[in-house]
Amino acid sequence: MLVNCVVYKEGRKLADIGKDDISDYLKQPGVFVWVAMKDPSDEEVLEMQEEFDLHELAAEDARHGHQRPKIEEYGAVLFVVLNTIELMPTDELKVGEVDIFCGPNFILSIRHRTERGFQDVRSRAEREPELLRNGSGFVLYALMDAIVDRYFPVLDAIETDLEHAEEQLFVGGAPRANIEQLYYVKRELMELKHIVGPALETSNKLFGGRVPQVCMGLGDYFRDVYDHLLRLNQQIDTLRDTSNTAIQVALAMISLDDFQVTKRLAAYAALVAVPTMIAGVYGMNFEHMPELRWTFGYPLAVGVMVAIDTFLFFRFRKAGWL
């Protein structure tokens, strides 16, 4: 559906217009139109394609969605795809998509599978008419900056989950649950990496070397977006290394617990083995066997068993096996 359709001139808002009036304003010098859409139908995208003369391949990508973050040029029009991330109440990540068409006198943003809009971006741009004079290129920067800045709270929440999972490593409990939590955090980091990584690779096209015409004079602003993406990417890599280390520690803790159980079982087996050995010797019932008919043979054998087991028990306990 159509969310907003606003026309600007010399950095200031002229009016909210209907989509049927777009072509009339596009013909006027010094004017650009900012159109925002949310989950549009194929027919609505085709209308915008005809209105702004969009390339059919880019329009097809915008209709279908599910695109990898990228930046492509089609003549004077720049096609930018970025992903949005929203943290749901269930702590799950909801990934959406924003397709942006940026031309000399228009900018069209299409949101897919995301609820949070960009009204705050529009308000910010309208409060800075001197920057808005740069036209659609500045709006493109403002949208990209807002999308990238929304990654930081999500990454902070994932980092908090990772810290909590690390704290549980050395607390008694279910080791399986700890590993599941760590793996869940690792999966979220991987999902975020698949979003930030491609955006980082392509965003330098907007300020380094040959830049698109609509971005001329805005290199410092797009470099700031690149710096944010670079910082996010580095932080994600650090957290991924931390999560891998935490998983290895969790597995080592499980192995250590298993070793402790093995030591206890071995100690108890030794306590049982000594009496069994002595009883086995005296249970052979040979006719000419020393102490077999001795009056004190039985109490002596039992006493030796108890003495040896008592010694072994305290020795194992001192060593930490029991």
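Residues numbered from 1 in each chain as written. Predicted model: local features only at pLDDT ≥ 70, side-chain atom pairs only at ≥ 80, totals over all residues. Heavy atoms only, no water.

A. Expanded view of the overall build of the chain. The number of helices and strands found in the chain is ten helices and seven strands. For the chain, the spread of C-alpha atoms along the principal axes amounts to about 125 × 35 × 30 Å. Relative to its 322 residues, the chain shows a buried fraction of 42%. On the chain, roughly 17,500 Å² of surface is accessible, and the fraction owed to carbon and sulfur atoms is 55%. Across the chain, the 33 positively charged side chains and the 50 negatively charged ones have centroids separated by 5 Å. (Helix = DSSP H or I, 4+ residues; strand = E, 2+ residues; numbered from the N terminus. Buried < 20%, exposed > 50% of the residue type's maximum accessible area, 1.4 Å probe, protein only. Areas by Shrake-Rupley, 256 points an atom, 1.4 Å probe, with all protein chains shown as cover. Lys, Arg positive; Asp, Glu negative; His and termini not counted. Charge placed at Lys NZ, Arg CZ, Asp CG, Glu CD.)

B. Up close: the environment of Leu218. Of note, Leu218 is situated in the loop between helix H8 (175–203) and helix H9 (219–282). By relative accessible area, Leu218 is classed as buried at 1%. Taking the C-alpha atoms as reference points, Leu218 and Tyr141, separated by 77 residues in sequence, lie 8.3 Å from one another.

C. Local environment of the packing of helix H2 (residues 42–52) against helix H3 (residues 56–64). Where H2 contacts H3, the axes come no closer than 10 Å and their chain directions differ by 150°. Judged on the interaxial angle alone, H3 and H2 are roughly antiparallel. When the axes of H2 and H3 are compared, the crossing they make is right-handed. For the pair H2 and H3, contact is made by Asp42, Val45, Leu46 and Gln49 and by Glu56, Ala59 and Arg63, respectively. Across the contact of H2 with H3, the residue classes break down as three nonpolar, one polar and three charged. (Axes fitted to C-alpha atoms, helices over the stretch in contact; angles between N-to-C directions. Parallel < 35°, antiparallel > 145°, perpendicular 65-115°, else oblique. Left-handed = near helix turned anticlockwise from the far one by under 90°. Contact = heavy atoms within 4.5 Å. Nonpolar A, V, L, I, M, F, W, Y, C, P; charged D, E, K, R; others polar.)

D. Focus on the packing of aromatic side chains. By the definition in use, this model includes nine aromatic pairs. Measuring from ring centre to ring centre gives 6.2 Å for Tyr141 and Phe222, while their planes differ by 85°; the resulting arrangement is edge-to-face. Here Tyr141 is found in helix H6 (residues 136–149), whereas its partner Phe222 is found in helix H9, with 81 residues between them in sequence. Each member of the pair, Tyr141 together with Phe222, is buried. One aromatic cluster in this structure is built from Phe138, Tyr141, Tyr221 and Phe222. Positioned above the aromatic ring of Trp34, the side-chain terminus of Arg122 is 4.1 Å from the ring centre. (Phe/Tyr/Trp six-rings, centres within 6.5 Å; stacked < 30°, edge-to-face > 60°. Lys NZ or Arg CZ within 6 Å of the ring centre and 35° of its normal.)

E. Spatial organisation of the nonpolar core. Trp34, Leu78, Leu140, Tyr151 and Leu229 are the most contacted members of the largest nonpolar core, which has 58 residues in total. Each residue touching Trp34, except ones within four places of it in the same chain, is listed here: Asn4, Cys5, Val6, Tyr8, Ile107, Ser109, Val121, Arg122, Ala125, Val139 and Leu143. Membership of the second largest hydrophobic core comes to 22 residues, among which are Val7, Phe79, Val81 and Ile110. (Core = buried A, V, L, I, M, F, W, Y, C linked by side-chain atoms within 4.5 Å.)

F. A look at the pairing of strand S5 (residues 77–87). Across the eleven residues of S5, ten count as buried, placing the element largely inside the fold. Across five bridges, the pairing between strand S4 (residues 70–74) and S5 is antiparallel. Looking at S5, one finds that Tyr74 is bridged to Val77. Across ten bridges, S5 lies against strand S6 (residues 93–103) in antiparallel orientation. Bridge pairing links Leu87 to Leu93 in S6. (Pairing = 2+ DSSP bridges.)

G. Spotlight on the sheet that holds strand S2 (residues 12–16). On the basis of which strands lie adjacent, the open sheet formed by seven strands has the order S2-S1-S3-S7-S6-S5-S4 and mixed pairing. The two strands at the open ends of the sheet, each matched to only one other strand, are S2 and S4. Put simply, the sheet's adjacent strands are angled 20° from each other on average, direction ignored. In the packing of helix H4 (residues 119–126) onto the sheet, contacts are made with strand S1 (2–9), S2 and strand S3 (31–38), and the angle to S1 comes to roughly 10°.

H. Representation of the pattern of salt bridges. Scanning all chains against the criterion turns up 16 salt bridges. Its salt-bridge partner being Arg133, residue Glu130 comes within 3.5 Å of it at the nearest N-O pair. The class for Glu130 is exposed, based on a relative accessible area of 54%. Classification of Arg133 by relative accessible area gives partly exposed; the value is 46%. Residues Arg223 and Asp220 are paired through a salt bridge, measuring 2.8 Å at the closest nitrogen-oxygen approach. (Salt bridge = Lys/Arg side-chain N within 4 Å of Asp/Glu carboxyl O.)

I. Representation of H3 in the model. Among the residues of H3, Ala58, Ala59, Asp61 and Ala62 are the ones counted as buried. Looking straight down H3, one finds its buried side chains confined to an arc of 155°; they lie on one side. Trailing H3 by a residue or two, Gly65 shows a phi angle of about 70°, which is positive. (Arc of directions from axis to C-beta.)

J. Expanded view of the environment of Gly30. Mapped onto the fold, Gly30 is located in the loop between helix H1 (22–26) and S3. Of the residues examined, Gly30 reaches a relative accessible area of 48% and is grouped as partly exposed. In the structure, Gly30 is positioned 26 residues away from Asn4 in sequence and 20 Å away in space, judged by C-alpha atoms. Here Gly30 is in contact with Tyr8, Lys9 and Glu10, once residues within four sequence places are set aside.

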